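Descriptive analysis of the structure
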Amino acid sequence: MEKVLIVEDDATMLRGLKDNFEVKGYKVVTAADGEAGLDACLSCKPDLIVLDIMLPKINGYEICRLVREAGLACPIIMLTAKGEESDIVLGLNLGADDYVTKPFSIKELLARAAAFLRRAKQEKGKVHKFGDFKLDVEARELKKGNKEIPLTPKEYKLLEFFVSRPGRALTRDEILNQVWGFDCFVTPRSIDRCVTTLRDKIEGKTLKPRFIHTVREVGYKFEPD
């Protein structure tokens, strides 16, 4: 039984979310403030976290950051009443996987949760190899030989997207939608900046990239070798 942690300070919403996830067959753990939510994240090791942003004691952004720093790779869906671009970008850059603005459809939230859990199950234990590198999906870790290459949450997600689609020309819109999310208002320049920093880490500053190739007027293509 997959375990879902819901961190929400509104008692009525928390109860409604818990009931709906339990009806779908998930084991549900709940927390009503940020401090309890962070403790639950680190102790119960959930398969999915549904995380409100505006929480007492510790806000959702800080929880997300600390969870990723602790090495937890489970999907995180953030809930918030805010809809500003800066709030969306901040949550995703801290390691959230998706962002739902209140009020939202519970059916949509459940569908998104199921999709993330299904994808996580498929990816569990998978290791992608390219050149001298190994990308461990379960550990969310990139290594060159025995040396770990530090990646930001967004760089990791971008690299994982690339390596899972080798040889394909990927448009900027496709990358934006899959890596940043449909509800995130980010310009194509955000992709280019992230690609540049990712290239620097795995290829160095070179005019002839080995792995991540620019496809003129389209986007990018990842070539494992």
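That block above? That's the structure.
Residues numbered from 1 in each chain as written. Predicted model: local features only at pLDDT ≥ 70, side-chain atom pairs only at ≥ 80, totals over all residues. Heavy atoms only, no water.

1. Some thoughts on the pattern of salt bridges
As enumerated under the stated definition, the model contains 15 salt bridges in all. Measuring nitrogen to oxygen at the nearest pair gives 2.7 Å for the salt bridge that ties Glu 155 to Lys 201. A residue pair is termed long-range when its members are at least 10 positions apart, and Glu 155 in helix H6 (residues 153–163) and Lys 201 in helix H8 (residues 188–203) qualify at 46 residues. With a relative accessible area of 35%, Lys 201 lands in the partly exposed category. The salt bridge involving Arg 172 is made with Asp 192; its shortest N-O contact spans 3.2 Å. On the criterion of sequence distance, the pair formed by Arg 172 in helix H7 (residues 172–180) and Asp 192 in helix H8 is long-range, its members being 20 residues apart. (Salt bridge = Lys/Arg side-chain N within 4 Å of Asp/Glu carboxyl O. Helix = DSSP H or I, 4+ residues; strand = E, 2+ residues; numbered from the N terminus. Buried < 20%, exposed > 50% of the residue type's maximum accessible area, 1.4 Å probe, protein only.)

2. A few points about the packing of aromatic side chains
If you walk through the whole model with that rule in mind, you get eight aromatic pairs. Residues Phe 130 and Phe 211 carry aromatic rings whose centres are separated by 5.1 Å and whose planes lie at 80° to one another, so their mutual orientation is edge-to-face. One end of the pair, Phe 130, is in strand E6 (residues 127–130); the other, Phe 211, is in the loop between H8 and strand E11 (212–215), and 81 residues separate them in sequence. Its relative accessible area of 2% is what places Phe 211 among the buried residues. Ring geometry for Phe 133 and Phe 211: centres 6.1 Å apart, planes at 85°, overall edge-to-face. Separated by 78 residues along the polypeptide, Phe 133 in strand E7 (residues 133–136) and Phe 211 in the loop between H8 and E11 bring together distant segments of the chain. (Phe/Tyr/Trp six-rings, centres within 6.5 Å; stacked < 30°, edge-to-face > 60°.)

3. Looking at the pairing of strand E12 (residues 219–222)
Pairing geometry for strand E10 (residues 169–171) and E12, over three bridges, is antiparallel. Paired with Leu 170 across the two strands is Tyr 220, which belongs to E12. Judged from the four bridges that link them, E11 and E12 form a sheet pairing that is antiparallel. Note that in E12 the partner of His 213 across the bridge is Lys 221. (Pairing = 2+ DSSP bridges.)

4. Let's talk about H6
Most of H6 is tucked away, with ten of its eleven residues classed as buried. Here H6 has its buried residues at Lys 154, Glu 155, Tyr 156, Lys 157, Leu 158, Leu 159, Glu 160, Phe 161, Phe 162 and Val 163.

5. Section: the sheet that holds strand E2 (residues 27–31)
Adjacent strands of a sheet pair through backbone hydrogen bonds, lying either parallel or antiparallel. Taken in spatial order, the five strands make up an open sheet running E2-E1-E3-E4-E5, and their pairing is parallel. Looking along the sheet, the strands with just one partner apiece sit at the ends: E2 and strand E5 (98–101). Strand-to-strand twist across the sheet, computed as the mean angle between neighbouring axes with direction ignored, equals 20°. Sheet topology note: the strand E4 (residues 76–80)/E5 ladder contains four bridges and is parallel. Its bridge partner being in E5, Thr 80 is matched across the sheet by Thr 101. Running at roughly 165° to strand E1 (residues 3–7), helix H2 (residues 34–44) makes contact with E1, E2 and strand E3 (48–52) of the sheet. In the packing of helix H3 (residues 60–69) onto the sheet, the strands contacted are E3 and E4, and the crossing angle to E4 comes to about 170°. (Axes fitted to C-alpha atoms, helices over the stretch in contact; angles between N-to-C directions. Contact = heavy atoms within 4.5 Å.)

6. A few points about helix H1 (residues 11–23)
In this model H1 runs 18 Å from its N-terminal to its C-terminal C-alpha over 13 residues, within 8% of the 18 Å that 1.5 Å per residue would give. If you check which residues of H1 are buried, you get Leu 14, Leu 17 and Phe 21. Down the axis, H1 shows its buried residues gathered within 70° of arc, on one side only. When the buried face of H1 is taken as reference, the exposed residues oriented beyond 90 degrees from it are Ala 11, Thr 12 and Val 23. Between a side-chain oxygen at the N-terminus of H1 and the backbone nitrogen of Thr 12 the separation is 3.0 Å; the capping residue is Asp 10. Backbone geometry just downstream of H1 places Gly 25 in the positive-phi region, at approximately 95°. (Expected span 1.5 Å × (residues − 1). Arc of directions from axis to C-beta. Polar contact = N/O pair within 3.5 Å; in protein donor to acceptor, adjacent residues only side chain to side chain.)

7. Section: the sheet that holds E6
Taken in spatial order, the four strands of this open sheet run E6-E7-E8-E9, and their pairing is antiparallel. Either end of the sheet is taken by a strand with one partner, and the two such strands are E6 and strand E9 (147–148). As judged from the two bridges shared by strand E8 (residues 141–144) and E9, these two strands associate in the antiparallel manner. The residue bridging Lys 143 from the neighbouring strand is Glu 148, located in E9. Strands in contact with H6 are E6, E7 and E8; relative to E7, the strand with the most contacts, it is inclined by about 105°.

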